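Here are the chains, one letter per residue:
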2 protein chains.
Amino acid sequence: MKCRKCGATAAINMRHHRLALCASHYLEWIPEQTQRTIEHYRMFSLSDQVLVAVSGGKDSLGLWDVLDRLGYQTAGVYIGLGIDGGVRYSDQSLARCRAFAGARRLKLHTVDVPTELGASIPEAARLTHRGQQKPCSVCGLTKRHVMNRVALEAGVDVLATGHNLDDEVAVLFGNTLSWSTGYLARQAPVLEARPGFVRKVKPFCRLMERETAAYAVLRGIDYIYDECPFAEGATNLTHKDLLNRLEADRPGAKLSFYLSFLRARQTGALLLPGAAEAESDLHACVTCGQPTTAPGECTYCRTRRRIHEKREQRSR
Amino acid sequence: MKCRKCGATAAINMRHHRLALCASHYLEWIPEQTQRTIEHYRMFSLSDQVLVAVSGGKDSLGLWDVLDRLGYQTAGVYIGLGIDGGVRYSDQSLARCRAFAGARRLKLHTVDVPTELGASIPEAARLTHRGQQKPCSVCGLTKRHVMNRVALEAGVDVLATGHNLDDEVAVLFGNTLSWSTGYLARQAPVLEARPGFVRKVKPFCRLMERETAAYAVLRGIDYIYDECPFAEGATNLTHKDLLNRLEADRPGAKLSFYLSFLRARQTGALLLPGAAEAESDLHACVTCGQPTTAPGECTYCRTRRRIHEKREQRSR
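About the criteria used
- Every chain is numbered independently, its residues counted from 1 as its sequence is written.
- All chains are assigned letters beginning with A, and all ligands numbers beginning with 1, in the order in which they are written.
- Selection of residues for local features in this predicted model requires a pLDDT of at least 70, selection of side-chain atom pairs for listing and counting requires 80 or more, and totals for whole chains, interfaces and linings are taken over all residues.
- Side-chain figures throughout are based on the complete set of non-hydrogen atoms in the structure, without hydrogens or water.
- We count a stretch as a helix when DSSP gives it H or I for four or more residues in a row; a strand needs E for two or more, and each element gets its number in order from the N terminus.
- Put simply, the radius of gyration uses C-alpha atoms, and a globule should come to 2.2 Å times the residue count raised to 0.38.
- Each residue gets one of three labels from its accessible area relative to the maximum for its type: buried under 20%, exposed over 50%, partly exposed in between, using a 1.4 Å probe on protein chains only.
- Per-residue accessibility takes into account occlusion by the displayed protein chains alone, with areas from the Shrake-Rupley method and a 1.4 Å probe.
- In this charge count, Lys and Arg are treated as positive and Asp and Glu as negative; neither His nor the chain ends contribute.
- Where a charge lies is defined by one atom per residue type, namely NZ (Lys), CZ (Arg), CG (Asp) and CD (Glu).
- Definition used for salt bridges: Asp or Glu carboxyl oxygen within 4 Å of a side-chain nitrogen of Lys or Arg.
- Alignment of the copies relies on least squares applied to C-alpha atoms, considering only residues that score at least 70 for pLDDT in both.
- In this description, contact between two residues means that some pair of their heavy atoms is separated by no more than 4.5 Å.
- Any Phe, Tyr or Trp ring, taking Trp's six-membered ring, that has another such ring centre within 6.5 Å forms a pair; planes under 30 degrees apart are called stacked, those over 60 apart edge-to-face, and the others tilted.
- One confidence number per residue, pLDDT, is output by the predictor and ranges from 0 to 100.
- Residue count minus one, scaled by 1.5 Å, sets the expected span of a helix.
- For this quantity, the arc is that covered by the directions from the helix axis to the C-beta atoms.
- Here, a strand pair is defined by DSSP locating no fewer than two bridges between the strands.
- Here an angle of 0 to 180 degrees is reported between the N-to-C directions of two axes, which are lines fitted to C-alpha atoms, with helices fitted over the stretch in contact.
- By convention a crossover is right-handed if, when the strands point away from the viewer, the path from the first strand over the helix to the second runs clockwise.
- Accessible area that two parts lose when put together, evaluated with a 1.4 Å probe and summed over both, is termed the buried area.
- By the criterion applied in these results, polar contacts are pairs of N or O atoms within 3.5 Å in which, for protein atoms, one can donate a hydrogen and the other can accept it, and in which residues neighboring in sequence qualify only through two side-chain atoms.

Focus on the overall build of chain A
- The helix and strand tally for chain A stands at 13 helices and 10 strands.
- A globule of 316 residues ought to have a C-alpha radius of gyration of about 20 Å, and chain A, at 20 Å, matches this closely.
- Taking the principal axes of its C-alpha atoms as reference, chain A extends roughly 70 × 45 × 40 Å.
- A burial count over chain A gives 53% of its 316 residues as buried.
- Accessible surface, chain A: about 14,900 Å² in total, of which carbon and sulfur atoms supply 48%.
- Distance between charge centres in chain A, computed from 43 positive and 33 negative side chains, equals 1 Å.

Structural notes on the pattern of salt bridges
Residues and elements named next belong to chain A.
- Here the structure, examined in full by the defined rule, presents 34 salt bridges over all chains.
- Between Arg-311 and Glu-123 there is a salt bridge, with its nearest N and O atoms 3.2 Å apart. Of the two residues, Arg-311 is situated in helix 13 (residues 299-315) and Glu-123 in helix 5 (residues 121-127); the sequence distance between them amounts to 188 residues.
- Residue Arg-311 is classed as partly exposed on the basis of its relative accessible area, which comes to 35%.
- With a relative accessible area of 31%, Glu-123 lands in the partly exposed category.

What to know about the relation of the copies chain A and chain B
- Once chain A has been moved 0.0 Å along the axis and rotated by 180 degrees, it coincides with chain B to within an RMSD of 0.0 Å. Overall, the copies show the geometry of a two-fold rotation axis. Considering only C-alpha atoms, the residue of chain A closest to the rotation axis is A:Leu271, which sits at 2.4 Å.
- Looking at the interface residues of chain A, 100% of them are also at the interface in chain B, so both copies use one shared face.

As for the side chain of A:Thr212
All names here are of chain A.
- Mapping Thr-212 onto the fold places it in helix 9 (residues 209-218).
- According to the relative accessible area criterion, Thr-212 is buried, its value standing at 1%.
- Beyond its immediate stretch of four places on either side in the chain, Thr-212 contacts Tyr-26, Lys-58, Asp-59, Asn-164, Phe-204 and Leu-207.

Considering the packing of aromatic side chains
All names here are of chain A.
- Per the counting criterion, the structure on display carries 14 aromatic pairs over all chains.
- Residues Phe-44 and Tyr-72 carry aromatic rings whose centres are separated by 4.8 Å and whose planes lie at 90 degrees to one another, so their mutual orientation is edge-to-face. Taken as a pair, Phe-44 in the loop between helix 1 (23-40) and strand 3 (49-54) and Tyr-72 in the loop between helix 2 (58-69) and strand 4 (73-80) lie far apart in primary sequence, 28 residues in all. Here Phe-44 and Tyr-72 have matching classes, each one buried.
- Consider the rings of Tyr-223 and Tyr-225, whose centres lie 4.6 Å apart with planes at 35 degrees: the pair is tilted.

Side note on the confidence of the model for chain A
- When pLDDT is averaged along chain A, the result is 92, and 96% of the positions lie at 70 or above.
- This complex was scored by the predictor with a pTM of 0.90 and an ipTM of 0.86.

Let's talk about helix 13 of chain A
All names here are of chain A.
- Counted at 1.5 Å a residue, the expected span for helix 13 with its 17 residues is 24 Å, and the 24 Å between its end C-alpha atoms agrees.
- Of the residues making up helix 13, those classed as buried are Tyr-300, Cys-301, Thr-303 and Ile-307. Looking straight down helix 13, one finds that the buried residues subtend no more than 165 degrees of arc, so they occupy a single side.
- Turning to helix 13, the residues buried within the fold contact helix 4 (113-117), helix 5 and helix 6 (136-154).

Structural notes on helix 3 (residues 89-104) of chain A
Residue and element names in this part refer to chain A.
- In this model, helix 3 (16 residues) spans 23 Å end to end at C-alpha, consistent with the 22 Å of a helix rising 1.5 Å per residue.
- Taken together, the buried positions of helix 3 are Tyr-89, Ser-90, Ser-93, Arg-96, Cys-97, Phe-100 and Ala-101. Down the axis of helix 3, the smallest arc covering the buried residues is 125 degrees, so these residues share one side.
- Arg-105 sits one or two residues past helix 3 and shows a positive phi near 55 degrees.

Section: the sheet that holds strand 8 (residues 200-201) of chain A
All names here are of chain A.
- As summarised here, the arrangement of the 6 strands in space is 5-4-3-6-8-7, forming an open sheet in which the pairing is mixed. The two strands at the open ends of the sheet, each matched to only one other strand, are strand 5 (108-112) and strand 7 (190-191).
- In the sheet, strand 6 (residues 158-160) pairs with strand 8 via 2 bridges, with the strands oriented parallel. If you follow Ala-160 over to strand 8, its bridge partner there is Val-201.
- Each of strand 3, strand 4, strand 5 and strand 6 touches helix 2; the most contacted strand, strand 3, lies at about 155 degrees to it.
- Helix 6 rests against strand 3, strand 4, strand 5 and strand 6 of the sheet, and its axis sits at about 135 degrees to strand 5.

What to know about the pairing of strand 5 of chain A
Residues and elements named next belong to chain A.
- In this sheet, strand 5 lies alongside strand 4 in parallel orientation, the contact comprising 5 bridges. From the neighbouring strand, Tyr-78 faces strand 5, where its bridge partner is Thr-110.
- Tracing the backbone out of strand 4, into helix 3 and back to the parallel element strand 5 gives a crossover that is right-handed.

Details of the interface of chain A and chain B
- In this assembly, 25 residues from chain A lie in contact with 25 residues from chain B.
- Summing both partners gives a buried area of about 2,300 Å² for chain A against chain B, and 72% of it is carried by carbon and sulfur.
- For the chain A face of the interface with chain B, the top three residues by lost area are A:Leu177, A:Trp179 and A:Leu242, together amounting to 29%.
- There are 0 salt bridges connecting chain A and chain B.
- At the surface where chain A touches chain B, the tally comes to 4 residue pairs in polar contact (both at pLDDT 80 or more).
- Taken together, the elements giving at least two residues each to the side of chain A that touches chain B come down to helix 7 (165-177), helix 10 (235-249) and helix 11 (253-267) of chain A.
- Of all the elements, helix 10 of chain A adds the most residues to the side of chain A that touches chain B, at 6 residues.

The structure is reproduced here in structure tokens:
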């Protein structure tokens, strides 16, 4: 297989684009594609302050690298979840993010969840009803809360996450299987700012996981290879597996599924009135002030309070 | 595994219902479930004339058998497609339908497509642009046209087809992957009558394919085992395969996907305005009088005319 641009040996073949590229052209192509996505969905401009949520993985570090190369004003935020999993997962992740930011002289905000929440994510899952089987639920709500808070405190214009096409499609697929119209209404490459919520964007939403991985490898980014130790067996991964079979059978199926969804919603051929209703129920959490639909206190603060109560009971 | 009702050896285990049944209780359960579906979606009553579209396969003959056992007034319609496929597919199918109807003294309408259309389905696909790769498209349009015509001529109240849950879910899945909102708006267990269109119902829409197959086998119905020779490699079958994996991983996933779709649409959480527009564009075909959105002549009549023109050109 030859690079379409220069005829050199191709480093990657993207069947759904019928495009094979050598390493150096691929390293140009990814920023071009990202820039197109940023412009297409009007995500942000060169004058905006962009906070990139980084986990130490290929997607988020790859995204930060691309945005930096494209000349955007970026800082990173790393959220330490206190996950060990036998591989010192969180420590290793933080080390990668620090090294990445240090080498590029970029600012990295760090938040330590065990300190903030009173428990690591695995402990929090055990101490609350929310994570009986898996800590993914409490982890998700904590990350959303903390990212939003850091972004507001730092006064940035936009928060960027490294979600790739496979992530987006797996979530879309899951929400479609259950026809969760509220979630379907909210899933988008851009979530506009609302009072108390920072604007959120996903500049990698049209890139497949293997493309972001190839980018990180070819750029020599030192990222953490391990999946989160709790991800195994997650429904999301089952869905990703199915979607990979679909893609293998019909290259482009994932991208088409995602883009035709966005298009149908945009043109009004698909209406999901659930979102507007949920929005009208938002009010400020009595403890932290972040918007919430839960009565009184937001779920993060309630979880945090419960953890502290349990700790106190035990120490008596 | 034991039958839940009598403790005898179970003939079938339905994981998504957590229900195992022996042969005789299963043969009671299927009509009960079908009756529930008929009532739930208000499909028809004992005073209605029901025309059952039969192909000679397990679903349609099983459905006709169940409706007959439940005391409904039924007749059948068989559409001979002129498919040989090395197994005399259409001849064998017709023989099964005739034997079934004869043994129960039920009326069977038969239509011979090669006579009506001027060509068998495989020939029609070759003679028109419509079926370059597969005759499925011309076959589908022909069956829809003929079934509707026979139902109107026979003056029945409702046309019942043997579509099972796997069929419905595969179609829903395909239309969801492409977010074909027009098709999504129209897919339903009941399609109400409209001027020129008979009411259409799918009483087996909540039964899985293996359940209808088990019913036909246990009832001793002589049905045609072969899939249509043209079905191989159809996108629908790829989707069915994926959905089978999903169901194996999470029993009930198919039923939940289908029912939550119907529910979301019914409650207005999912709005698909495409359907209403398409309906307003309907007018009577200038040749046959059936409603169509195509300008002038309906697609069936246009296909038929083209076939006759080609035949004439050749015979000159």
